[in-house]
Each structure stands twice: as structure tokens, then as C-alpha cells.
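Single-letter residue listing:
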Amino acid sequence: MTSKIYDTVIIGGGPAGCTAALYAVRAGLDTLMIEKFSAGGQMTQTRQIDNYPGFPEGVDGFTLGDLMQKGAERFGCGVLRAEVLSVGLRTDPKRIVTDSGEVLSRTVILATGADHRHLGIAGEEALIGRGVGYCAACDGMLYRGKVVAVVGGGNSAAADALLLSKLCRKVYLIHRRDSLRAARVYHEPLRNTENIEFRFNRQVKELLSDGKLTGVVLTGGEEEETLPLDGLFISIGRSPVTSLFRGQLPLSEDGYLIADETTRTPIGGVFAVGDVRTKTVRQIVTAAADGAVAVHYAEEYLAGT
Ligand SMILES: Cc1cc2nc3c(=O)[nH]c(=O)nc-3n(C[C@H](O)[C@H](O)[C@H](O)COP(=O)(O)OP(=O)(O)OC[C@H]3O[C@@H](n4cnc5c(N)ncnc54)[C@H](O)[C@@H]3O)c2cc1C
């Protein structure tokens, strides 16, 4: 690539990255956003987003991602479709090595997001959005009156099961151990909810489908059990995408880049935004907000204040 030095390079084109890109170009910064897939990040995995303001009928994630990228491009943001392979954050300028060459920049905004941990069983990826989901708060409404299962035993699985029990006819809670890891505060409500049924010491062995999910096969009991289902929510944790930054930036115990509401990291000119950073609520609206905040501090850094 060239020896051009950008004011800011954004790694990741989800809502955090696209918003950072929009704010950066509007602030007059020479900006490049690098995304390995199409824009939108995790949003592209859902067909119906109902809790991002401005869309009274909801919006599908792919469309929203595309709109976000176009909004940044309208003001002149460059977009590079490439995978970032390594970064040198302490050098001046900072170096970003992609599978399409090297890029130099005075500041870097890290927006690589987080992936929901997957079960890793056959058919799972193909059934995402077709009965398999990872976010009950986002997609639960699609299963009103239906039969669903939640896999997991922690707080988010417990919260998901309770949330879904208010919408769905029946909710199975499948956990591979004999008791939940979730905080005690969840146990009684779960036990007292009539339409929640536990499947302890069970694991999902197989996903059944006819193009969309129709059920699961469970192992762990004396005999295998087939549960007919309309939906399966996998709630076994998230994995932040931070391997590129290991050894350069501190990570929290659960692997997130440590940054507060300013999005600043311990390295000057390096910012962490969206789901990749330590925070309480990981949603589109909070990711987008981070993007705007990061650019404020990037401008401050570039101005030497
Ligand atoms: C199925 C599903 C449904 C959801 N529904 C909702 C909802 O209805 N409402 C809501 O508010 N939230 C929802 N969420 C959560 C929301 O999508 C996330 O909180 C949000 O996308 C986080 O944005 P982000 O930009 O921080 O990261 P991400 O969206 O994860 O984007 C990160 C981007 O970085 C890119 N990237 C990573 N590594 C590299 C690399 N090395 N090189 C180049 N690019 C890279 C990825 O390809 C990705 O596009 C949902 C999530 C899922 C999975």
C-alpha cells in the first residue's frame, strides 16, 4: 500500500466502527474504516431490530449496517474490505497490517466487537436467524406463543429463560451440569415459572431442521431425548475479538479491552469502542455512542491537548 498516513483508522465496520467513521469524517479527519466482511457486524445476524431508535417498524440488521456505512461514505470515509492481521499500536505512526497491505495512521479506533460463543455443532451457523439465536432480548418477540429452549446455566441464560417465558408457550432450559451457575436471585423465579422446564445434565447433540430449526436431540440422560422446538437460544457467553491486541493492551478477566466511557486505552491515540470493550450494556445504541465519543478524544489527541 502507500506511505500515506491517515488521521484515524477504524478496525471493524459494526455500529461502533461505522459511527466512529461518520463522526471522524464529519470532523474533517482523513479516515479509513477496515472491515473484513460487509458492514454491520453482529447486526447482520438478525432480521429484525426493534430497539434502535428511528425505525418504528423495526429494521433488518443487514440493511441497518449498509445504511450506517453509506452514511459515513457520504462524507468521504474510505472503506477497505480487508482483514486486519496484526497491529503495531505503540509506533508513531501506528501500523495496521491487513491481507491487502499495510496502513499507517496517527490514531486507531478498535471496533472489532464480540462474538457470541457458539455451541460448535453441525448446522448451527446455517440455522442462525432460522430458529437459532443468541440474543433473547433481541429476537424473543419472534417466538411469541411458540416453544423454545435456552442453552446455558449462567445469569444470561437464566435471564433469557425468564424473559422468553413471558412470550413463549414453553421454555426448556438446557444445562450440562446438575445445577445452575446463575446467581441465586434467579433460582426461585425460574422454579416458580410454570412454563419453564429444566433439562439438567443434558447437552445438545444435534440440531434438527427442514431449512429452519425443528428441534434438538439431547444427550446425557439414560436415553437420548428429542425436543421439538421453534427456537433455540444459545446463551453460553460471548467472546470478545481481541486476539490482535493481546500483549499490547490490557484485557479484563473475561477478555475484553479495558476502557471506560472515554473509550481511551492506556496507549495514546488508541481507542476501544463497542462490544470489544469493558461495559455493562452491549447493544447497537451503546456501540454507536462509543464511536462518537472516541472521535472526540481522537481529535483531542491529534490536537495535542
Ligand atoms: C443475532 C444478534 C441479534 C442482535 N440483535 C440486537 C438488537 O436487536 N438490538 C441491539 O441493540 N443489539 C442487538 N445485538 C447486539 C449488537 O449487534 C451488538 O451489540 C453490536 O453489533 C456491537 O457493535 P460493535 O460495532 O461493537 O461490534 P460488532 O457488531 O461485533 O462488529 C465488529 C466488526 O468488526 C469486524 N472485525 C473483527 N475483526 C476484524 C479484523 N481482524 N479485520 C477486519 N474486521 C474485523 C467484524 O467483521 C465485525 O463486522 C444482536 C446481536 C446478535 C448476534
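Throughout this document, residue positions are counted from 1 along each chain, in the order its sequence is written. It should be noted that, the model being predicted, local features are given only for residues of pLDDT at least 70 and side-chain atom pairs only at 80 or more, the latter also being counted only at that level, while totals for whole chains, interfaces and linings use all residues. Based on all heavy atoms of the structure, the side-chain values leave hydrogens and waters out of the count.

*Asks:* Pulling in residues and values, what's your account of the overall build of the protein chain?
*Replies:* Counting its secondary structure elements, the protein chain contains 6 helices and 17 strands. Computation of the radius of gyration draws on C-alpha atoms, with the globule rule given as 2.2 Å multiplied by the number of residues to the power 0.38. Taking 2.2 N^0.38 as the reference for a compact globule, 305 residues should give roughly 19 Å; the C-alpha atoms of the protein chain span a radius of gyration of 21 Å, in line with that estimate. Its C-alpha atoms give the protein chain principal-axis dimensions of about 65 × 40 × 35 Å. Within the protein chain, the fraction of its 305 residues that count as buried is 50%. Contacts are residue-level and defined by heavy atoms, with any inter-residue pair within 4.5 Å sufficient. Within the protein chain, counting contacts between residues at least 6 apart in sequence, those at least 24 apart form 58% of the total. Secondary structure counts use DSSP, requiring at least four H or I residues in a row for a helix and at least two E residues in a row for a strand, with both numbered from the N terminus. For the exposure calls, accessible area comes from a 1.4 Å probe over protein chains only, and a residue counts as buried if that area is under 20% of its type's maximum, exposed if over 50%, partly exposed in between.

*Asks:* So what's going on with the sheet that holds strand β13 (residues 213–219)? Residues and values would help.
*Replies:* Spatially, the 3 strands line up as an open sheet ordered β12-β13-β14, and their pairing is antiparallel. This sheet does not close on itself; its edge strands, each paired only once, are β12 (203–209) and β14 (225–228). Averaged over neighbouring strand pairs, the angle between their axes works out to 25° when direction is ignored. Note on pairing: two strands pair once DSSP finds at least 2 bridges between them. To get an axis, fit a line to the C-alpha atoms, keeping to the stretch in contact for a helix; angles then go from 0 to 180 degrees between the N-to-C directions.

*Asks:* Can you lay out the site of the ligand for me, pointing to particular residues and giving the numbers?
*Replies:* Each residue is tested against the molecule or strand, and it is near if at least one of its non-hydrogen atoms lies within 4 Å. Near the ligand there are 34 residues, and of these Glu35, Gln42, Asn51, Cys138 and Asp275 occur at the shortest range. The separation between an oxygen atom of the ligand and a polar main-chain atom of Arg282 is 3.4 Å. For every accessible area listed, the method is Shrake-Rupley and the probe measures 1.4 Å; residues are considered covered only by the protein chains on display. Relative to its free-state accessible area of 1,000 Å², the ligand is covered by the protein chains to the extent of 96%. A breakdown of the residues in the shell around the ligand according to their chemical character gives 15 nonpolar, 14 polar and 5 charged. Identification of polar contacts relies on pairs of N or O atoms within 3.5 Å, with a donor-acceptor requirement for protein atoms, meaning one able to donate a hydrogen and the other able to accept it, and with residues adjacent in sequence counted only if both atoms are side-chain atoms. Each residue gets one label: Ala, Val, Leu, Ile, Met, Phe, Trp, Tyr, Cys and Pro are nonpolar, Asp, Glu, Lys and Arg are charged, and the others, such as Gly, are polar.

*Asks:* Can you explain the pattern of salt bridges? Please cite residues and give values.
*Replies:* Salt bridges are defined as contacts in which a side-chain nitrogen from Lys or Arg sits within 4 Å of a carboxyl oxygen from Asp or Glu. Here the structure, examined in full by the defined rule, presents 13 salt bridges. In this structure, the salt-bridge partner of Glu300 is Arg264, at a minimum N-O distance of 3.9 Å. Here Glu300, found in helix α6 (residues 284–302), pairs with Arg264, found in the loop between β16 (238–240) and β17 (270–272); they are 36 residues apart in sequence, far enough to count as distant. We classify Arg264 as partly exposed; its relative accessible area is 40%. Put simply, Lys170, Glu197, Arg199 and Glu225 are held in one network by salt bridges that share partners.

*Asks:* Quick one: what's the story with the packing of helix α4 (residues 155–165) against helix α5 (residues 184–191), residue by residue and with numbers?
*Replies:* Look at α4 against α5: their axes get within 10 Å of each other, and the N-to-C directions meet at 30°. When the axes of α4 and α5 are compared, the pair comes out roughly parallel. Crossing geometry of α4 relative to α5 is assigned as left-handed. Every residue of α5 that contacts α4 at Asn155, Ala158, Ala159, Ala161 and Leu162 is listed here: Tyr186, Pro189 and Leu190. For the contact of α4 with α5, the residue count by class is 7 nonpolar, 1 polar and no charged. Convention used here: angles under 35 degrees read as roughly parallel, angles over 145 as roughly antiparallel, angles from 65 to 115 as roughly perpendicular, and any remaining angle as oblique. By convention the crossing between two helices is left-handed if the near helix lies anticlockwise of the far one by an angle smaller than a right angle, and right-handed if it lies clockwise.

*Asks:* Let's hear about the packing of aromatic side chains: which residues, and what values?
*Replies:* By convention, a stacked pair of Phe, Tyr or Trp rings (six-membered ring in the case of Trp) has centres within 6.5 Å and planes under 30 degrees apart, an edge-to-face pair has planes over 60 apart, and any other such pair is tilted. Considering all chains together, one arrives at 3 aromatic pairs under this definition. With a centroid separation of 5.5 Å and an interplanar angle of 80°, the aromatic rings of Tyr143 and Phe233 are classed as edge-to-face. Here the residue Tyr143 occupies a position in the loop between α3 (136–139) and β9 (147–151), and Phe233 occupies one in strand β15 (residues 231–234), the gap between them amounting to 90 residues. Taken individually, Tyr143 and Phe233 each receive the classification buried, so the pair is uniform in this respect. Taking 5.1 Å as the distance between ring centres and 10° as the angle between the ring planes, the aromatic pair formed by Phe198 and Phe200 counts as stacked. For Phe198, a relative accessible area of 24% puts it in the partly exposed group. Think of it as a cone above the ring: NZ of Lys or CZ of Arg counts as a charge over the ring if it is within 6 Å of the ring centre and within 35 degrees of the ring normal. Sitting over the ring of Phe75, Arg26 keeps its end group 4.8 Å from the ring centre. The residue whose ring lies beneath Arg282 is Tyr256, and the NZ or CZ to ring-centre distance is 3.7 Å.

*Asks:* Break down the pairing of strand β3 (residues 78–81) for me, citing the residues and quoting the values.
*Replies:* Sheet topology note: the strand β2 (residues 31–35)/β3 ladder contains 4 bridges and is parallel. If you follow Leu32 over to β3, its bridge partner there is Gly78. With the strands pointing away from the viewer, any crossover whose connection runs clockwise from the first strand over the helix to the second is right-handed. Tracing the backbone out of β2, into helix α2 (residues 61–73) and back to the parallel element β3 gives a crossover that is right-handed.

*Asks:* Any chance you could break down the environment of Leu127 for me, citing the residues and the numbers?
*Replies:* In this fold, Leu127 is placed in the loop between β7 (114–116) and β8 (132–133). As a C-alpha pair, Leu127 and Leu249 span 122 residues in sequence and 35 Å in three-dimensional space. The residues contacting Leu127, other than those within four sequence positions of it, are Val132, Leu207, Ser209, Gly211, Lys212 and Leu213.

*Asks:* With reference to specific residues and values, describe the side chain of Asn195.
*Replies:* Tracing the backbone through its elements, the reader meets Asn195 in the loop between α5 and β11 (196–199). Of the polar contacts made by the side chain of Asn195, one reaches the backbone oxygen of Cys168; its length is 3.0 Å. Excluding its chain neighbours within four sequence positions, the residues that come into contact with Asn195 are Ser165, Cys168, Arg169, Lys170 and Val171.

*Asks:* For the domain arrangement of the protein chain, give the residues involved together with the corresponding values.
*Replies:* Annotation of the protein chain at the domain level lists domain 1 (5–115 + 238–302) and domain 2 (118–234). For every domain, the bounds stem from an assignment made automatically or drawn from a database. With centres defined by C-alpha atoms, the gap from domain 1 to domain 2 works out at 32 Å. Contacts between the two partners involve 5 residues from domain 1, matched on the other side by 6 residues from domain 2. Computed with a 1.4 Å rolling probe, the buried area is the accessible surface lost when two parts are put together, summed over both parts. Buried surface at the junction of domain 1 and domain 2, both sides included, amounts to about 550 Å², of which 42% is carbon and sulfur. Linking domain 1 with domain 2 are 0 salt bridges, by the criterion used here. Residues belonging to the side of domain 1 that touches domain 2 are distributed by class as follows: no nonpolar, 4 polar and 1 charged.

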